[in-house]
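Here are the chains, one letter per residue:
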2 protein chains.
Amino acid sequence: MDADSSRLQTRSTRKRRKMQRVTMMDVAKLAQVSPSTVSLYLRKPAAVSPAAGQEIARAISALGYVPNLVAGGLAAASSKVVSIIVPSIRNAFFAETVSTLQSELAAEGLQVLLGHSEYGEDQEEALVRTALSWAPAAVVLTGLAHSAGTRKLLRASGVPVVEMWELGGTPIDMAVGFSHPQVGASAARHLLSKGRRALAFLGARMQEDHRAETRASGFAETARLGDGLSHEIINHPGAATVEAGALLLTRALERIPNLDGIACSNDLIALGALFECQRRGIAVPDAIAVVGFGDLDFSASCIPSLTTIRPSGDLIGREVARLILGSIQGDRPEGTSRIIDTGHVLIERRST
Amino acid sequence: MDADSSRLQTRSTRKRRKMQRVTMMDVAKLAQVSPSTVSLYLRKPAAVSPAAGQEIARAISALGYVPNLVAGGLAAASSKVVSIIVPSIRNAFFAETVSTLQSELAAEGLQVLLGHSEYGEDQEEALVRTALSWAPAAVVLTGLAHSAGTRKLLRASGVPVVEMWELGGTPIDMAVGFSHPQVGASAARHLLSKGRRALAFLGARMQEDHRAETRASGFAETARLGDGLSHEIINHPGAATVEAGALLLTRALERIPNLDGIACSNDLIALGALFECQRRGIAVPDAIAVVGFGDLDFSASCIPSLTTIRPSGDLIGREVARLILGSIQGDRPEGTSRIIDTGHVLIERRST
DNA sequence: TGAATGCATCATAGCGCTACGATGATCGGC
DNA sequence: GCCGATCATCGTAGCGCTATGATGCATTCA
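As the structure is a prediction and not an experimental result, all values here were calculated from the model.

A.B. asks: How would you explain the interface of chain B and chain A if you had to name every residue and give the values?
C.D. replies: Between chain B and chain A, the residue contacts involve 53 residues of the former and 54 residues of the latter. Here B:Arg90 makes a salt bridge to A:Asp314, at a shortest N to O gap of 3.0 Å. Remark: the boundary between chain B and chain A carries 22 residue pairs in polar contact (both at pLDDT 80 or more). Among the elements of the structure, α5 (69-76), α6 (92-107), β2 (111-116), α7 (121-133), α11 (242-255) and α12 (267-280) of chain B are those that each provide at least two residues to the side of chain B that touches chain A. The dominant element in the side of chain B that touches chain A, judged by the number of residues it contributes, is α6(B), at seven residues. For the side of chain B that touches chain A, the class distribution of residues is 28 nonpolar, 15 polar and 10 charged. Looking at chain direction, strand β2 (residues 111-116) of chain A and β2(B) are connected through three bridges and run antiparallel. Pairing of A:Leu114 across the sheet is with B:Val112, part of β2(B).

Right under this line is the structure:
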């Protein structure tokens, strides 16, 4: 058997994988147009004649055709997927942003590929690597702190990148967020304006949650510049929970017996502190004023209602979506800013 | 110019899209093996000789090769993606499940494609349709109630499907969850056992949240069978929030003046009710006993700590992952159950 | 020693789609 | 009436990878 005949045999015996699902070709045949026209119709319906369009639409529904985005992604060298990496989806802040972002992107036919890094840079890098394997239309990261490898990967890929929930450094590409030190400063200023002088910042997991940590330093700095008699930053190594808030308040009272104002890195912690005050019979805000962060679900309704700083995860989600859609639509107008400050709002309620 | 020459011209003038990214071919060349071997190495490293494997690994890191999963997915007719559709990612229950699921799947090299249906069956169907465009390795849905179209699409696709967070009907393929009527019944039984006789179930968005609604009917049924003197189901049309809980308690007191026990479809609602009691000077549990659902973050730490029913979103996530990995590994052992009951636990605390 | 077996490696044909440029048909403008 | 422009449509070559079966070589068994 010579090479040629073996080739022939190869050709004939080769069994192709089945896959009898409906393809664009089937639609084209039924609609009596070429596959290109079907593809064109699917991507820009306006570009095909109404007659052909109708015929194609009919064929699609008759066959129950579902386009294969994997094939499309390969052919177009870019898939209709946006990869989002957050530290934790359990965190209400990020859940809110992801939720909004997902809705906005879905409206434009983009899917969301989700990953969570658990606040680890190495994990994040691994996630970015797999994310890039999907040739995503864009990548969304949380914060500005990333490993060198992550930056390199993303830069090399040429994919639009949006970093969210933090401002103040140099983004890889685009950024949407706000300044965390300023949040801390706002909280401190507010407490000082209420005549509080013995302050504490209660945070959790600040060794990993770099943004919470910068809120703390913003707070400390302003407390120092103002005439805060004393101020402390107290960290709980575990997650930011209500229970942690109670523990943190206890620790704060040990350190600053005459404590009269606290800022918390998260409303859950603030709620825990509120509960602990109630347990100890400490009047809020008379004895201790409490400022939170996040304006979570319960913050307006708890007792006393919680003064807090709202970062607006919703708005961040919406702006991220806008930037992404902008970059995908090709024209990245150099005029529009690639860094969007969504600011923060202090909402004064009964706890201060 | 005849057809043939034009064909030739076509061939020569055709400009191919650039894409100079590193491909498997580049790796193969550098490692002096064929692309097939590289592919094999990437999929089952044990199948290639150690020598070749090392050479390939070296080449991969030298070139910074990132596999293209889109191409892989197309060739293999199934991508390494699991599509998860939940009603809302803002809901702490689902956030927990998704988070766990994502971690478990990521450990096996699977990505998560996320969608949220906002409790709409039509929206869900649209999400399933796009999800299937990705030829996912599996699809995860929430609950057992889906449109006929959704079922048809999924059945036709042959993709493994897991429905989670609900049991009691016929799943499309596999299911992990628990019985919601039983949860309601447990709550009612608990209140009855505490001598409460004038009961109410407080729920939100029950016209859409079918599972909350079945918890309510389970509650009502048990309350009726027991010697509950009166029981009511009260619904808030908006989302399940702390504020809604306060409103609902107010409504319940109007309807049942001698109210002495409530079950809530969600711990956020329970917390709101707790706050409203505090505002009104109603002692909990002396005057009114409160049972929640969800065992959220704050439930153990609030005042009084909340008796609640834990559905274990974590466990659900883990079991879903197990089922998915099982189906992907090919052998669907008919022995193992395709329906897993994760049950629920009533955690008694100070509010009852 | 020759046939049978096992093992590592390879060549190649698609997977289903989109981008590119080509092809006719239609339409004004001079 | 001819030429270029415009428009809808088409043909086809990949996109980068994996599945399939073939190949060549070393090992084992009779």
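A.B. asks: How would you summarise the sheet that holds strand β10 (residues 307-310) of chain B if you had to cite specific residues and measurements?
C.D. replies: All names here are of chain B. Spatially, six strands are ordered β7-β6-β8-β9-β10-β12 in an open sheet, and the strand pairing comes out mixed. Every interior strand has two partners, whereas the edge strands, β7 (230-236) and β12 (345-347), have only one. Across the sheet, the axes of successive neighbouring strands diverge by a mean angle of 20°, strand direction being ignored. Across the sheet, helix α9 (residues 180-193) is in contact with β6 (198-204), β8 (261-264), β9 (289-293), β10 and β12; its angle to β9 comes to roughly 160°.

A.B. asks: Could you give an account of the pattern of salt bridges, naming the residues involved and the relevant values?
C.D. replies: Pairing between side chains becomes possible if they bear opposite charge and their charged atoms approach one another. Residue and element names in this part refer to chain A. In total, this model carries 27 salt bridges over all chains according to the counting rule given. With a shortest N-O distance of 2.9 Å, Glu276 and Arg280 are connected by a salt bridge. Taken together, the positions of Glu276 and Arg280, both in helix α12 (residues 267-280) and four residues apart, correspond to about one turn of that helix. In the salt-bridge network here, residues are joined through shared partners; they are Glu118, Arg205 and Glu208.

A.B. asks: So what about the packing of aromatic side chains? Which residues, and what values?
C.D. replies: Two aromatic rings are characterised by how far apart their centres lie and by the angle between their planes. This model, assessed by the stated rule, comprises 14 aromatic pairs over all chains. Between B:Phe93 and B:Trp165, the ring centres sit 5.6 Å apart and the planes meet at 15°, which makes this aromatic pair stacked. A residue pair is termed long-range when its members are at least 10 positions apart, and B:Phe93 in helix α6 and B:Trp165 in the loop between β4 (161-164) and β5 (174-177) qualify at 72 residues. With respect to class, B:Phe93 is no different from B:Trp165; both count as buried. Linked through ring pairs, A:Phe93, A:Phe94, A:Trp165, A:Phe178 and A:Phe293 together constitute an aromatic cluster.

A.B. asks: Got a sec to walk through unusual backbone geometry? Specific residues and values, please.
C.D. replies: Here A:Val284 and A:Pro285 are connected by a cis peptide whose omega angle stands at 10°. If you trace the backbone, A:Pro285 turns up in the loop between α12 and β9 (289-293). Cis geometry is found at the peptide bond from A:Ile303 to A:Pro304, where omega equals -10°. Positive phi is not limited to glycine here, since B:Trp165 has a value of about 75°. With a relative accessible area of 2%, B:Trp165 lands in the buried category. Non-glycine residue B:Ser312 carries a positive phi angle of around 60°. Take B:Ser312: it is sitting in the loop between β10 and α13 (313-328).

Cut-offs used in this document
Residues numbered from 1 in each chain as written. Chains lettered and ligands numbered in written order. Predicted model: local features only at pLDDT ≥ 70, side-chain atom pairs only at ≥ 80, totals over all residues. Heavy atoms only, no water. Contact = heavy atoms within 4.5 Å. Salt bridge = Lys/Arg side-chain N within 4 Å of Asp/Glu carboxyl O. Polar contact = N/O pair within 3.5 Å; in protein donor to acceptor, adjacent residues only side chain to side chain. Helix = DSSP H or I, 4+ residues; strand = E, 2+ residues; numbered from the N terminus. Nonpolar A, V, L, I, M, F, W, Y, C, P; charged D, E, K, R; others polar. Pairing = 2+ DSSP bridges. Axes fitted to C-alpha atoms, helices over the stretch in contact; angles between N-to-C directions. Phe/Tyr/Trp six-rings, centres within 6.5 Å; stacked < 30°, edge-to-face > 60°. Buried < 20%, exposed > 50% of the residue type's maximum accessible area, 1.4 Å probe, protein only.

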